[in-house]
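Geometric and topological summary
The chain contents come next:
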Amino acid sequence: MAQPVVLITGASGFIGGAVAERLVDRAELRGLTSHPAKNRFGDRVRSFAYDFDQPQRMAAAFRGVDLFVNSYYVRFNYGGVTFEDAVARSRILIAQAQDAGVKKIVHVSVSNASESSDLPYYRNKARIERIVQESGIDYTILRPALVVGAGDILVNNIAYFLRRMPVFTIFGGGGHRVQPTTVDSFADVAVEAIDGAHKNATLPVAGPSDWRFLDMVRAIRRAVRSRSVIVPAPAFVALGALSIAGGLLRDVVLTSDEVKGLIREYLYAEQPLRRGLDFAAWLADPAVASTLGRRYESELARHFR
């Protein structure tokens with residue numbers, strides 16, 4: 001039986017790479033990326049470049065594809081690319097999938113995506129979900145709240161600051177709920193969808209247990225043996241500190257919308273599909289604790305420089 005042909009956006013990236021690792025020996029894999037030369041799988045994954053100005057140049061990437069795994073998006077407006085551009089570009093990608101006769105789309109969204117949200121990140125994520133749902137192609141939309149693992153940005157950078165700062169400010173008191181899931185667990189769910197499960201479903205995905213954000217930060221502090229003092233602060237104070245840190249690091253550490261989403265519990269969903277290792281068990285792995293936060297993970301360096 002011929003192997004399925006699977007096209008993955010960001011096949012060498014954080015989530016896309018974890019999915020690719022699980023498929024590389026049992027599917028013909030292709031990757032769509034802004035950096036085709038950065039292919040950690042070598043000749044086992046054929047890389048293609050995004051070209052949203054001339055979409056026909058991406059037709060070869062989609063030709064003969066059975067399944068399209070899409071996680072294309074932006075975290076914030078930067079470098080002339082906006083959330084609205086991300087929606088328009090996603091529309092182009094889905095149109096390419098339609099033209100190529102792709103049989104199924106596995107789409108990575110975010111928990112609590114809603115077109116009625118006043119936060120552009122979540123509102124435009126929901127607009128892309130609707131494009132997928134109305135494409136006429138079978139789909140599974142996965143809505144993770146917070147994905148952690150080697151190469152993640154949020155948890156790693158919390159650990160980075162805890163390792164280096166005598167005081168760590170936490171906004172909103174830290175009582176808001178979050179649902180971390182490991183990247184390996186999330187990739188396993190994506191592969192379930194690729195294999196035919198969760199047809200035409202939109203699923204929130206979480207780890208085995210829910211966490212308060214303050215408890216999560218405390219767990220990270222213990223894991224990396226930090227002595228930093230965790231101090232509650234108004235959101236504007238914490239954002240000011242993050243803005244200063246971002247200037248020094250030449251990055252956007254967190255946006256105001258990301259802070260609002262966290263405080264409003266957008267990183268928490270009712271009745272999610274639960275899978276995999278608990279956050280505490282993940283942190284307890286010596287390989288994780290010894291490397292977490294050793295270096296800063298920069299969004300701008302990763303995608304724009």
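Description of the structure in this document. Computed from a predicted model, the values in this text were never measured in an experiment.

Per the secondary structure count, the chain includes 12 helices and 14 strands. Along the first, second and third principal axes, the C-alpha atoms of the chain reach 55 × 40 × 40 Å. Counting over 305 residues, the chain shows a buried share of 54%. Of the contacts made within the chain by residues no fewer than 6 positions apart, 76% connect residues no fewer than 24 positions apart. Accessible area of the chain: about 13,700 Å², with a carbon and sulfur share of 51%. One way to put it: in the chain the 38 positive side-chain charges average out to a point 5 Å from where the 31 negative ones average out.

A word on helix H5 (residues 154-164). With eight of 11 residues buried, H5 lies mostly within the body of the structure. Residues of H5 that are buried: Val155, Asn156, Asn157, Ile158, Ala159, Tyr160, Phe161 and Leu162. Elements in contact with the buried residues of H5: strand E7 (146-148), strand E8 (167-171), helix H7 (213-223), helix H8 (235-249) and helix H10 (279-284).

A few words on the packing of aromatic side chains. Within this structure, the stated rule accounts for 16 aromatic pairs. On the numbers, 6.3 Å between centres and 85° between planes, the contact of Phe76 with Tyr78 is edge-to-face. The exposure class assigned to Phe76 is buried, which follows from its relative accessible area of 7%. Under the relative-accessibility criterion, Tyr78 is labelled partly exposed at 34%. Following the ring pairs from residue to residue traces out a cluster consisting of Tyr73, Phe83, Tyr121, Tyr122 and Tyr266. Positioned above the aromatic ring of Tyr268 is the side chain of Arg177, whose terminal nitrogen or guanidinium carbon lies 3.9 Å from the ring centre.

Let us look at the environment of Thr9. Locating Thr9 in the fold gives a position in strand E1 (residues 5-9). Aside from chain neighbours lying at most four places away, what touches Thr9 is Gly16, Leu32, Tyr50, Phe68, Val69, Asn70, Ser71 and Tyr72.

Moving on, we come to the pairing of strand E11 (residues 201-206). Counting buried positions over the six residues of E11 gives five, a clear majority of the element. In this sheet, strand E14 (residues 273-274) lies alongside E11 in parallel orientation, the contact comprising two bridges. From the neighbouring strand, Val205 faces E14, where its bridge partner is Leu273.

The geometry of helix H1 (residues 14-23) relative to helix H6 (residues 183-194) is characterised by a closest axis approach of 9 Å and an angle of 60° between their N-to-C directions. Comparing their axes, H6 and H1 come out oblique. Crossing geometry of H1 relative to H6 is assigned as right-handed. Two secondary-structure elements touch here, H1 through Phe14, Ile15, Ala18, Val19, Arg22 and Leu23 and H6 through Val183, Asp184, Phe186, Ala187, Asp188, Ala190, Val191 and Ile194. Split by residue class, the contact of H1 with H6 holds 11 nonpolar, no polar and three charged.

Let us look at a nonpolar patch on the surface. A surface patch of nonpolar side chains, about 210 Å² in accessible area, is lined by Val167, Val229 and Val231. Residue placement: Val229 occurs in strand E13 (residues 229-233). Val229 sits in the partly exposed class, given a relative accessible area of 46%.

Backbone hydrogen bonds are what pair the strands of a sheet, in a parallel or an antiparallel way. Taken together, the eight strands give an open sheet; going across it, the order is E3-E2-E1-E4-E5-E6-E11-E14, and neighbouring strands pair in parallel fashion. The open sheet has two edge strands, strand E3 (45-49) and E14, and neither has a second partner. In terms of strand pairing, E1 meets strand E2 (residues 28-33) through five bridges, oriented parallel. Residue pairing across strands places Ile8 opposite Gly31, the latter belonging to E2. Strands E2, strand E4 (67-70) and strand E5 (104-108) of the sheet are contacted by helix H3 (residues 83-100), whose axis makes an angle of about 175° with E4. Strand contacts of helix H4 (residues 120-133): E5, strand E6 (138-144) and E11, with the helix running at about 160° to E6, the strand carrying the most contacts.

Conventions and cut-offs
- Residues numbered from 1 in each chain as written.
- Predicted model: local features only at pLDDT ≥ 70, side-chain atom pairs only at ≥ 80, totals over all residues.
- Heavy atoms only, no water.
- Helix = DSSP H or I, 4+ residues; strand = E, 2+ residues; numbered from the N terminus.
- Buried < 20%, exposed > 50% of the residue type's maximum accessible area, 1.4 Å probe, protein only.
- Contact = heavy atoms within 4.5 Å.
- Areas by Shrake-Rupley, 256 points an atom, 1.4 Å probe, with all protein chains shown as cover.
- Lys, Arg positive; Asp, Glu negative; His and termini not counted.
- Charge placed at Lys NZ, Arg CZ, Asp CG, Glu CD.
- Phe/Tyr/Trp six-rings, centres within 6.5 Å; stacked < 30°, edge-to-face > 60°.
- Lys NZ or Arg CZ within 6 Å of the ring centre and 35° of its normal.
- Pairing = 2+ DSSP bridges.
- Axes fitted to C-alpha atoms, helices over the stretch in contact; angles between N-to-C directions.
- Parallel < 35°, antiparallel > 145°, perpendicular 65-115°, else oblique.
- Left-handed = near helix turned anticlockwise from the far one by under 90°.
- Nonpolar A, V, L, I, M, F, W, Y, C, P; charged D, E, K, R; others polar.
- Patch = residues over 30% accessible without salt bridge, like charges linked within 9 Å, V, L, I, M, F, W, Y side chains within 5 Å.
- Salt bridge = Lys/Arg side-chain N within 4 Å of Asp/Glu carboxyl O.

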